[in-house]
Amino acid sequence: MIIEETKDYLVFYKEAGLDSEKDAPKDCLPIHRLDKVASGLLLYGKNKEAAAALSKQLTEKKIRKRYHIVVPKGEEGKALPEEGCFQDYLYKDSKKQKCFPVKSLRKGVKEAILRYKILEENGEWMLLDVELETGRFHQIRAQFSAQGFPLLGDGKYGSRRKGTVALQCYSLSFPEPESGKELHFFAI
(Lines give C-alpha, C1' and ligand atoms only; values in the text may rest on other atoms or scores of the structure.)
Protein backbone atom coordinates (compact mmCIF):
# COMPACT_ATOMS: atom_id res chain seq x y z
CA MET A 1 0.00 0.00 0.00
CA ILE A 2 1.41 3.39 -0.98
CA ILE A 3 1.71 5.79 1.97
CA GLU A 4 3.34 8.71 0.12
CA GLU A 5 4.72 9.16 -3.37
CA THR A 6 6.70 12.00 -4.94
CA LYS A 7 8.79 12.20 -8.10
CA ASP A 8 11.83 11.09 -6.04
CA TYR A 9 10.66 8.59 -3.44
CA LEU A 10 7.87 6.27 -2.43
CA VAL A 11 6.98 5.20 1.12
CA PHE A 12 5.24 1.84 0.97
CA TYR A 13 3.58 -0.40 3.59
CA LYS A 14 4.66 -3.99 2.94
CA GLU A 15 2.47 -6.82 4.19
CA ALA A 16 4.12 -9.91 5.67
CA GLY A 17 4.82 -12.45 2.92
CA LEU A 18 5.87 -9.92 0.29
CA ASP A 19 9.49 -9.60 -0.82
CA SER A 20 11.02 -6.10 -0.44
CA GLU A 21 12.69 -6.35 -3.84
CA LYS A 22 10.74 -8.82 -5.98
CA ASP A 23 7.35 -7.39 -4.98
CA ALA A 24 8.53 -3.75 -5.10
CA PRO A 25 6.33 -1.20 -6.79
CA LYS A 26 7.17 -0.87 -10.52
CA ASP A 27 10.32 1.11 -11.37
CA CYS A 28 11.26 1.61 -7.72
CA LEU A 29 14.67 0.96 -6.19
CA PRO A 30 14.70 -0.34 -2.58
CA ILE A 31 16.68 1.79 -0.11
CA HIS A 32 16.39 -0.72 2.74
CA ARG A 33 14.73 -4.09 3.18
CA LEU A 34 12.44 -5.96 5.54
CA ASP A 35 12.44 -9.72 6.05
CA LYS A 36 9.80 -11.42 3.94
CA VAL A 37 8.01 -12.53 7.14
CA ALA A 38 7.91 -8.95 8.50
CA SER A 39 5.53 -6.11 7.72
CA GLY A 40 5.96 -2.38 7.76
CA LEU A 41 7.23 0.76 6.11
CA LEU A 42 9.72 0.66 3.27
CA LEU A 43 11.44 3.46 1.38
CA TYR A 44 12.08 3.29 -2.37
CA GLY A 45 13.87 5.67 -4.73
CA LYS A 46 11.91 6.54 -7.87
CA ASN A 47 14.98 7.36 -9.97
CA LYS A 48 18.71 6.63 -9.84
CA GLU A 49 19.66 10.06 -8.47
CA ALA A 50 17.11 9.97 -5.64
CA ALA A 51 17.98 6.35 -4.84
CA ALA A 52 21.68 7.29 -4.61
CA ALA A 53 20.92 10.25 -2.32
CA LEU A 54 18.65 8.15 -0.09
CA SER A 55 21.17 5.28 0.01
CA LYS A 56 23.81 7.77 1.12
CA GLN A 57 21.46 8.91 3.91
CA LEU A 58 21.07 5.27 4.98
CA THR A 59 24.85 4.82 5.10
CA GLU A 60 25.17 8.04 7.13
CA LYS A 61 22.44 6.77 9.53
CA LYS A 62 20.10 9.66 8.70
CA ILE A 63 17.26 7.25 7.92
CA ARG A 64 15.74 6.02 11.16
CA LYS A 65 13.39 3.07 11.57
CA ARG A 66 11.60 1.77 14.64
CA TYR A 67 10.00 -1.61 15.07
CA HIS A 68 7.30 -3.20 17.18
CA ILE A 69 7.86 -6.82 18.15
CA VAL A 70 6.08 -9.30 20.39
CA VAL A 71 8.13 -11.77 22.47
CA PRO A 72 7.28 -14.23 25.25
CA LYS A 73 7.41 -12.82 28.75
CA GLY A 74 10.11 -15.28 29.73
CA GLU A 75 10.38 -18.35 31.87
CA GLU A 76 10.55 -18.06 35.63
CA GLY A 77 13.87 -16.59 36.69
CA LYS A 78 14.49 -15.18 33.22
CA ALA A 79 13.39 -11.60 32.79
CA LEU A 80 14.03 -8.95 30.19
CA PRO A 81 14.89 -5.57 31.76
CA GLU A 82 12.39 -2.79 30.98
CA GLU A 83 14.84 -1.30 28.50
CA GLY A 84 18.26 -2.24 27.25
CA CYS A 85 20.80 -2.73 24.53
CA PHE A 86 21.96 -5.91 22.80
CA GLN A 87 25.42 -5.92 21.24
CA ASP A 88 26.41 -9.11 19.45
CA TYR A 89 28.57 -10.44 16.65
CA LEU A 90 26.36 -12.13 14.04
CA TYR A 91 27.43 -14.70 11.49
CA LYS A 92 25.15 -15.17 8.49
CA ASP A 93 24.88 -18.77 7.31
CA SER A 94 23.85 -18.32 3.68
CA LYS A 95 22.94 -21.99 3.23
CA LYS A 96 20.52 -21.97 6.17
CA GLN A 97 19.45 -18.33 5.55
CA LYS A 98 19.87 -17.69 9.27
CA CYS A 99 22.12 -15.65 11.58
CA PHE A 100 23.94 -16.95 14.61
CA PRO A 101 25.65 -15.00 17.40
CA VAL A 102 29.36 -15.79 17.75
CA LYS A 103 31.91 -14.73 20.36
CA SER A 104 34.32 -12.70 18.24
CA LEU A 105 34.85 -10.91 14.94
CA ARG A 106 36.15 -12.96 12.04
CA LYS A 107 35.49 -13.25 8.33
CA GLY A 108 31.75 -13.11 7.63
CA VAL A 109 30.88 -11.78 11.09
CA LYS A 110 29.37 -8.34 11.67
CA GLU A 111 28.67 -6.38 14.82
CA ALA A 112 24.96 -5.92 15.57
CA ILE A 113 23.59 -3.35 18.02
CA LEU A 114 19.98 -2.61 18.94
CA ARG A 115 18.12 -0.82 21.71
CA TYR A 116 14.71 -1.80 23.02
CA LYS A 117 12.03 -0.75 25.49
CA ILE A 118 9.12 -2.80 26.80
CA LEU A 119 5.87 -0.95 26.03
CA GLU A 120 3.26 -3.41 27.36
CA GLU A 121 3.08 -6.77 29.11
CA ASN A 122 0.39 -9.33 29.73
CA GLY A 123 0.59 -12.76 31.34
CA GLU A 124 2.37 -14.39 28.39
CA TRP A 125 3.66 -11.72 25.99
CA MET A 126 5.48 -8.39 25.83
CA LEU A 127 5.21 -5.67 23.19
CA LEU A 128 8.57 -3.95 22.59
CA ASP A 129 9.79 -0.91 20.72
CA VAL A 130 13.11 -1.60 18.97
CA GLU A 131 15.58 0.72 17.26
CA LEU A 132 18.55 -0.61 15.32
CA GLU A 133 21.95 1.02 15.42
CA THR A 134 23.11 -1.45 12.77
CA GLY A 135 20.97 -3.05 10.10
CA ARG A 136 21.97 -6.70 9.78
CA PHE A 137 20.31 -9.69 8.16
CA HIS A 138 17.62 -11.02 10.57
CA GLN A 139 19.19 -8.88 13.30
CA ILE A 140 16.18 -8.38 15.57
CA ARG A 141 15.06 -11.99 15.18
CA ALA A 142 18.52 -13.45 15.87
CA GLN A 143 19.43 -11.18 18.78
CA PHE A 144 16.17 -11.63 20.71
CA SER A 145 16.21 -15.39 20.09
CA ALA A 146 19.80 -15.58 21.40
CA GLN A 147 18.61 -13.93 24.63
CA GLY A 148 15.84 -16.52 24.99
CA PHE A 149 13.01 -14.31 23.69
CA PRO A 150 12.16 -15.48 20.14
CA LEU A 151 9.60 -13.34 18.32
CA LEU A 152 6.01 -14.61 18.34
CA GLY A 153 5.45 -16.79 15.27
CA ASP A 154 9.15 -17.05 14.36
CA GLY A 155 9.66 -20.81 14.15
CA LYS A 156 12.97 -20.31 12.34
CA TYR A 157 14.40 -18.67 15.47
CA GLY A 158 12.79 -20.82 18.13
CA SER A 159 9.22 -19.63 18.73
CA ARG A 160 6.96 -22.45 19.88
CA ARG A 161 4.04 -20.62 18.27
CA LYS A 162 4.45 -20.63 14.52
CA GLY A 163 2.61 -18.33 12.15
CA THR A 164 2.96 -14.68 11.20
CA VAL A 165 6.13 -13.25 12.75
CA ALA A 166 5.36 -10.37 15.13
CA LEU A 167 7.78 -7.86 13.58
CA GLN A 168 6.63 -4.55 12.11
CA CYS A 169 8.56 -1.46 11.01
CA TYR A 170 6.07 1.07 12.35
CA SER A 171 8.12 4.29 12.05
CA LEU A 172 10.30 5.69 9.27
CA SER A 173 12.03 9.09 9.32
CA PHE A 174 14.41 10.67 6.84
CA PRO A 175 15.40 14.05 5.41
CA GLU A 176 13.54 14.85 2.19
CA PRO A 177 16.20 14.54 -0.57
CA GLU A 178 15.77 18.03 -2.09
CA SER A 179 14.73 20.25 0.83
CA GLY A 180 16.37 18.40 3.73
CA LYS A 181 13.11 18.75 5.72
CA GLU A 182 12.73 15.89 8.20
CA LEU A 183 9.84 13.59 7.19
CA HIS A 184 8.10 11.16 9.58
CA PHE A 185 5.83 8.28 8.63
CA PHE A 186 3.97 5.90 10.93
CA ALA A 187 2.05 2.66 10.49
CA ILE A 188 -0.38 1.47 13.11
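Everything below is about the structure printed above this text.
What you see is a predicted model, and the numbers here were worked out from it, not measured in a lab.

Asks: What's the story with the pattern of salt bridges in this structure? I'm lost.
Replies: Pairing between side chains becomes possible if they bear opposite charge and their charged atoms approach one another. Using the criterion set out here, one finds 14 salt bridges in the structure. In this structure, Glu178 engages Lys7 in a salt bridge whose closest nitrogen and oxygen atoms are separated by 2.6 Å. You can see Glu178 sitting in the loop between β10 (167–175) and β11 (182–186) and its partner Lys7 sitting in the loop between β1 (2–5) and β2 (9–14), a full 171 residues away along the chain. When its relative accessible area of 60% is taken as the criterion, Glu178 is described as exposed. For Lys7, a relative accessible area of 57% puts it in the exposed group. Two residues, Arg141 and Asp35, come together in a salt bridge whose shortest N-O distance is 3.2 Å. With Arg141 in helix α2 (residues 139–146) and Asp35 in the loop between β3 (29–30) and β4 (39–45), the pair connects residues that are 106 residues apart, well separated along the chain. Classification of Arg141 as buried rests on a relative accessible area of 4%.

Asks: How should I be thinking about unusual backbone geometry in this particular structure?
Replies: The residue Asp27 is not glycine, and still its phi comes out positive at about 60°. Here Asp27 is to be found in the loop between β2 and β3. Of the residues examined, Asp27 reaches a relative accessible area of 61% and is grouped as exposed. Positive phi, close to 60°, is recorded for Lys61, a residue that is not glycine.

Asks: I'm lost on the pairing of β1 in this one. Help?
Replies: Within a regular beta strand, the side chains point alternately toward one face of the sheet and then the other, so they alternate between its two faces. Note: β1 against β2, three bridges, orientation antiparallel. Note on β2: the bridge partner recorded for Glu5 is Leu10. Linking two consecutive strands that pair antiparallel, namely β1 and β2, is a turn of three residues.

What counts as what
- Residues numbered from 1 in each chain as written.
- Predicted model: local features only at pLDDT ≥ 70, side-chain atom pairs only at ≥ 80, totals over all residues.
- Heavy atoms only, no water.
- Salt bridge = Lys/Arg side-chain N within 4 Å of Asp/Glu carboxyl O.
- Helix = DSSP H or I, 4+ residues; strand = E, 2+ residues; numbered from the N terminus.
- Buried < 20%, exposed > 50% of the residue type's maximum accessible area, 1.4 Å probe, protein only.
- Pairing = 2+ DSSP bridges.

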